[in-house]
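Residue strings, one per chain:
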Amino acid sequence: MLKGFKDFLMRGNVVDLAVAVVIGAAFTSIVTAFTTGLIKPLINAIGGSNAADGLGFRILGPNQSTFMDFGSVINAAINFVIVAAIVYFLFVLPVKHLQERRKRGQEPGPAEPTDVELLTEIRDLLRAQSATGRTGD
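Quick caveat: nothing in here was measured; it's all calculated off a predicted structure.

### Examining the packing of aromatic side chains
Reasoning step 1: Taken as a whole and assessed by the stated rule, the structure comprises one aromatic pair.
Reasoning step 2: Judged by centre distance (5.1 Å) and plane angle (80°), the rings of Tyr88 and Phe89 are edge-to-face.

If you want it as structure tokens, here you go:
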């Protein structure tokens, strides 16, 4: 059971995915700081009679909780577009080009296991199966 878990963790896809999640989270915080610190003040300067409120309006005049903040929605949309563009141009597009090169034969793909490696794996699986007393579940 632990060997299977170790094999799962050591697969390249799991490690790559973990790195991508960490890098994505860090990059998202940078983009959020950029849009909140630089873009949102510009949006807020455009709209509203009260510059402190930004781009939006209050449904009920004296009630602060009824403020509809369009500036934050626009800011979130800009944030999304920036993150999506960076992910596309830095991750998706290069991988797509690499896959096309592999299809054309310019770039070698992952090596296929040899016959000896496959036979060794089958032998080890049969030994493990006979050691546990299972005969063909």
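Moving on from the model shown.
### A word on the environment of Ile43
Reasoning step 1: Considering the arrangement of structural elements, one finds Ile43 in helix α2 (residues 12–46).
Reasoning step 2: The buried category is assigned to Ile43, whose relative accessible area is 10%.
Reasoning step 3: Each C-alpha atom of the pair Ile43 and Ile74 lies 8.1 Å from the other, and the pair is 31 residues apart in sequence.
Reasoning step 4: Once residues within four sequence positions are removed from consideration, Ile43 is found in contact with Leu55, Gly71, Ile74, Asn75 and Ile78.

### Some thoughts on helix α3 (residues 70–104)
Reasoning step 1: In this model α3 runs 49 Å from its N-terminal to its C-terminal C-alpha over 35 residues, within 8% of the 51 Å that 1.5 Å per residue would give.
Reasoning step 2: The largest bend along α3 reaches roughly 40° and is located at Tyr88.
Reasoning step 3: Within α3 the residues assigned to the buried category are Gly71, Asn75, Asn79 and Val83.
Reasoning step 4: Two residues or fewer past α3, Gly105 is found with a positive phi of approximately 90°.

Conventions and cut-offs
- Residues numbered from 1 in each chain as written.
- Predicted model: local features only at pLDDT ≥ 70, side-chain atom pairs only at ≥ 80, totals over all residues.
- Heavy atoms only, no water.
- Phe/Tyr/Trp six-rings, centres within 6.5 Å; stacked < 30°, edge-to-face > 60°.
- Helix = DSSP H or I, 4+ residues; strand = E, 2+ residues; numbered from the N terminus.
- Buried < 20%, exposed > 50% of the residue type's maximum accessible area, 1.4 Å probe, protein only.
- Contact = heavy atoms within 4.5 Å.
- Expected span 1.5 Å × (residues − 1).
- Bend = angle between axes of the 7 residues up to and from the residue.

Function-wise, these values are silent; they only describe arrangement.
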